[in-house]
Amino acid sequence: GTGATSFSPGKIGQVLRTESNSATSLATTTYSDIGLSQAITCSATSSKVLIMGSIMSSKSGTNTDRGHGIKILRASTSIFQTQTLYYAYDSFQNSSFNDGDSTPFFYLDSPSSTSAITYKIQCATWNSGTVVFNSDSNQSPLVLMEVLA
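Because the structure is predicted, anything quoted here is derived from the model rather than measured.

Colleague: Report on the overall build of the protein, specifying residues and quantitative values.
Modeller: In terms of regular secondary structure, the protein is built from 0 helices and 11 strands. Traced from its N-terminal end to its C-terminal end, the protein shows the element sequence β-β-β-β-β-β-β-β-β-β-β. Taking all 149 residues of the protein together, the buried fraction comes to 39%. Considering only intrachain contacts with a sequence separation of at least 6, the fraction spanning at least 24 residues in the protein is 82%. Accessible surface, the protein: about 7800 Å² in total, of which carbon and sulfur atoms supply 46%.

Colleague: Describe the pattern of salt bridges, naming the residues involved and giving the relevant values.
Modeller: Per the counting criterion, the structure on display carries 3 salt bridges. Taking the shortest distance from any N to any O, the salt bridge between E19 and R17 comes out at 2.6 Å. The exposure class of E19 is partly exposed, given its relative accessible area of 33%. Using a relative accessible area of 51% as the deciding quantity, one classes R17 as exposed. The closest approach of N and O atoms between D33 and K120, which form a salt bridge, is 3.5 Å. Of this pair, D33 sits in strand β3 (residues 32–41) while K120 sits in strand β9 (residues 116–125); the two residues are 87 residues apart in sequence, bridging distant segments of the chain. Judged by its relative accessible area of 39%, D33 is partly exposed.

Colleague: I'd like to hear about the pairing of β9, residue by residue, with values.
Modeller: Most of β9 is tucked away, with 7 of its 10 residues classed as buried. Two elements, β3 and β9, share 8 bridges in a ladder whose sense is antiparallel. Paired with S32 across the two strands is C123, which belongs to β9. Bridge analysis of strand β5 (residues 65–74) against β9 gives 7 bridges, and the strand direction is antiparallel. By the bridge assignment for β9, K71 is matched with Q122.

Colleague: Now, about the nonpolar core: what can you tell me, with residues and values included?
Modeller: In this structure, I34, I51, I55, F105, Y119 and I121 are the most contacted members of the largest nonpolar core, which totals 20 residues. Those elements that provide at least two residues to this core are β3, β4 (48–62), β5, β9, β10 (131–133) and β11 (140–148). The dominant element in this core, judged by the number of residues it contributes, is β9, at 4 residues.

Colleague: Tell me about the side chain of S20, and name the residues and values.
Modeller: Looking at the secondary structure, you find S20 in strand β1 (residues 11–20). Judged by relative accessible area, which is 5%, S20 ranks as buried. Polar contacts involving the side chain of S20 include one to the side chain of N134, which spans 3.2 Å.

Colleague: Tell me about the side chain of S47, and name the residues and values.
Modeller: For S47, the location among the structural elements is in the loop between β3 and β4. Setting aside residues no more than four positions away along its own chain, S47 makes contact with C42, S110, P111, E146, V147 and L148.

What counts and what doesn't
Residues numbered from 1 in each chain as written. Predicted model: local features only at pLDDT ≥ 70, side-chain atom pairs only at ≥ 80, totals over all residues. Heavy atoms only, no water. Helix = DSSP H or I, 4+ residues; strand = E, 2+ residues; numbered from the N terminus. Buried < 20%, exposed > 50% of the residue type's maximum accessible area, 1.4 Å probe, protein only. Contact = heavy atoms within 4.5 Å. Areas by Shrake-Rupley, 256 points an atom, 1.4 Å probe, with all protein chains shown as cover. Salt bridge = Lys/Arg side-chain N within 4 Å of Asp/Glu carboxyl O. Pairing = 2+ DSSP bridges. Core = buried A, V, L, I, M, F, W, Y, C linked by side-chain atoms within 4.5 Å. Polar contact = N/O pair within 3.5 Å; in protein donor to acceptor, adjacent residues only side chain to side chain.

Listed below in structure tokens is the structure:
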């Protein structure tokens, strides 16, 4: 059949993947590294970078709530941040709990550069409650895709 011809869809120039399975425990409302970063060098300044992945986390406690937020940095510049620190949230009352989560994230960036750029993922916890990222060797993947103009 015939397809749409009134636009020029982007093509994928390269795909890079990394992962972190090193456990990082956080109990802070300040965004901090969780060991997840990847560099990419785009082939043109018109390229975009699709950033996607999933944060593996474990929350436990008794009569308490736990949550975390996600921030994406291009070098040292924040380009995305969840609106709250309870973006991924668990609430348990009158019982003990241990919960594992996988929190996906996606962002399309326009870096306008052909220099190497490092993207980094940071997390912070709601109400300074303890959250363990990449617990029990669970892997948090990070994928960068160059989308050509």
